Amino acid sequence: MKDGRARTKGDKRAERIAEFIAPLRVEPGAKVCLSKDFDPARKSGLKNKRQGKEQLAEGVALLADHQRRLAAEGKHGVLLCLQAIDAGGKDGTIRHVMSGVNPQGVRVAGFKVPSHDELSHDYLWRYSGALPRRGEIGIFNRSHYEEGLVVRVHPELLDRQWLPGHQQRGKALWRRRYREINEWERYLTDNGFRLVKLFLNLSKEEQRVRFLKRIDVPERNWKFSAADARERARWDDYQEAFEDMLSATSTRWAPWYVVPADRKWYARICAAAVLAHTLMEIDPRYPVIDDKSRHELELEKRQLEKEAPAGAAAESYAAGRRAR
C-alpha cells in the first residue's frame, strides 16, 4: 500500500480524489454515529446532476484504464463490498460505476438466503468461494457483513447455523465475528487482494420515497415485497448494527467508506472515486518483456510485414496510427 502511495504522490488527479473521499472514510478505532457523523444528502459542492454525470464519466474512464492494467499485470485482485439498507442503490451503483470496464475482468456475486449446503460450512465459506482472482475486480452485492447485520437483527437465524452449544450469543458473538472478519481481510490484503468497503448511507425518508416508487411504477413492482416493509420497521435496529459494524471493522488495511446515498448520481461518483483511489494506490503496470522476447517479437514483425499483399502498406501498426 505504501508503494502505491509513493508512486501516485505526484499525481494531482490522485491527490484530488484522495481529498474528495477523505470525509467518507471511517477512521480505524472511531465510534460511528451515522445520524451525527455522515449526512446521507451530502453532495460536496457539486452543483447539479449534469455536473455529476461529467465527473462520473471521468471516473469510469479512469477505472477502465486501471482495470486493463490490473488484468495485464495479474498480481493483485480487488474486492468491492457493497452494503446498504433496502433500496440503498447497490444494483444501480454496480451498473453505472462499472459501465466502462471490461466485463471479462469483473465478477459480481450476490448473496441471498444461504442454502442447506452453505449452512453446513463455516459462515465465511460461501464468501471465500466467490473471491476474485488476481487481475480481477470482484463485487459482493451484500457481503460477509450480512453475518453481523441481518443475522444480528434476526438472531433466530443463528439456530440454522448449527453453532456449537458452548458458543456465547449476544454481543460476545458479534465481537468475535468482527475480529474474525478483520483477520480474514488482513489475510486477503497480505496476499495481494485489496478490499474496498462501501456503505451506502440512505435516509429513512428517501427509502420511503423509493419504496413508494416501486409500488406506483408497474415496471418496478417486482423490486418490492411485504418483507421490505417488515424490515423497514426494524430501522433503528439496523442503524445500530451498521454503526457497530463500521466502528469495529474499519481497519488500516480495509477501511470503510460511508457514501451519501440520497442522491443516486452523487453516490455513484463517490463509489467510483473510492475504487479509483484504490486502483491508483496499487498502480498496476503493463508487463515489460525481456530482451529475448523483444528480439522474437521483432522477428515476427518483419515476417508479418513481408506478408503484406501487393499494393498494401507493409508499415507497422504504430506507423499506421501516426499517419492517421
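Residues numbered from 1 in each chain as written. Predicted model: local features only at pLDDT ≥ 70, side-chain atom pairs only at ≥ 80, totals over all residues. Heavy atoms only, no water.

Asker: Before we move on, can you summarise the overall build of the protein chain with the specific residues and values?
Answerer: Tallying secondary structure elements over the protein chain gives 15 helices and five strands in all. Projected onto the principal axes, the alpha-carbon positions of the protein chain cover approximately 75 × 50 × 40 Å. Burial statistics for the protein chain: of 324 residues in total, 47% are counted as buried. In the protein chain, 80% of the contacts between residues at least 6 apart in sequence involve partners at least 24 apart. Across the protein chain, the 61 positively charged side chains and the 47 negatively charged ones have centroids separated by 3 Å. (Helix = DSSP H or I, 4+ residues; strand = E, 2+ residues; numbered from the N terminus. Buried < 20%, exposed > 50% of the residue type's maximum accessible area, 1.4 Å probe, protein only. Contact = heavy atoms within 4.5 Å. Lys, Arg positive; Asp, Glu negative; His and termini not counted. Charge placed at Lys NZ, Arg CZ, Asp CG, Glu CD.)

Asker: I'd like a description of the packing of aromatic side chains, backed by residues and values.
Answerer: Counted according to the given criterion, the structure contains nine aromatic pairs. Ring centres of Phe20 and Tyr266 lie 6.0 Å apart, and the angle between their planes is 70°; on these two criteria the pair is classed as edge-to-face. Remark: Tyr266 occurs in helix 13 (residues 264–282) and Phe20 occurs in helix 2 (residues 12–21); sequence separation between them is 246 residues. Exposure remark for Phe20: the relative accessible area of 18% places this residue in the buried category. Ring-pair connections join several aromatic residues into one group, and the members of that group are Phe20, Trp265 and Tyr266. The aromatic ring of Tyr123 is capped on one face by Arg177, whose charged end is 4.2 Å from the ring centroid. In this arrangement the basic side chain of Arg186 is found over the ring face of Trp253, its NZ or CZ atom lying 4.6 Å from the centre. (Phe/Tyr/Trp six-rings, centres within 6.5 Å; stacked < 30°, edge-to-face > 60°. Lys NZ or Arg CZ within 6 Å of the ring centre and 35° of its normal.)

Asker: Explain the sheet that holds strand 4 (residues 193–201) to me, and be specific about the residues and the numbers.
Answerer: Strand order in this open sheet of five strands is 2-3-1-4-5, and the pairing throughout is parallel. One side of each edge strand has no neighbouring strand; the edge strands of this open sheet are strand 2 (106–110) and strand 5 (256–260). Shown here is a sheet whose adjacent strand axes are inclined to one another by a mean of 20°, direction ignored. Sheet analysis places strand 4 next to strand 5, joined by five bridges and oriented parallel. (Pairing = 2+ DSSP bridges. Axes fitted to C-alpha atoms, helices over the stretch in contact; angles between N-to-C directions.)

Asker: Can you break down the side chain of Arg232 residue by residue, with the values?
Answerer: Mapped onto the fold, Arg232 is located in helix 11 (residues 226–232). Of the buried charged residues, Arg232 lacks a salt bridge, with Glu205 as the closest side chain of opposite charge at 5.5 Å. Within the structure, Arg232 has its side chain in polar contact with the side chain of Gln207 (distance 2.8 Å). If we skip the residues at most four places from it in the chain, Arg232 touches Lys204, Gln207, Arg208 and Phe211. (Salt bridge = Lys/Arg side-chain N within 4 Å of Asp/Glu carboxyl O. Polar contact = N/O pair within 3.5 Å; in protein donor to acceptor, adjacent residues only side chain to side chain.)

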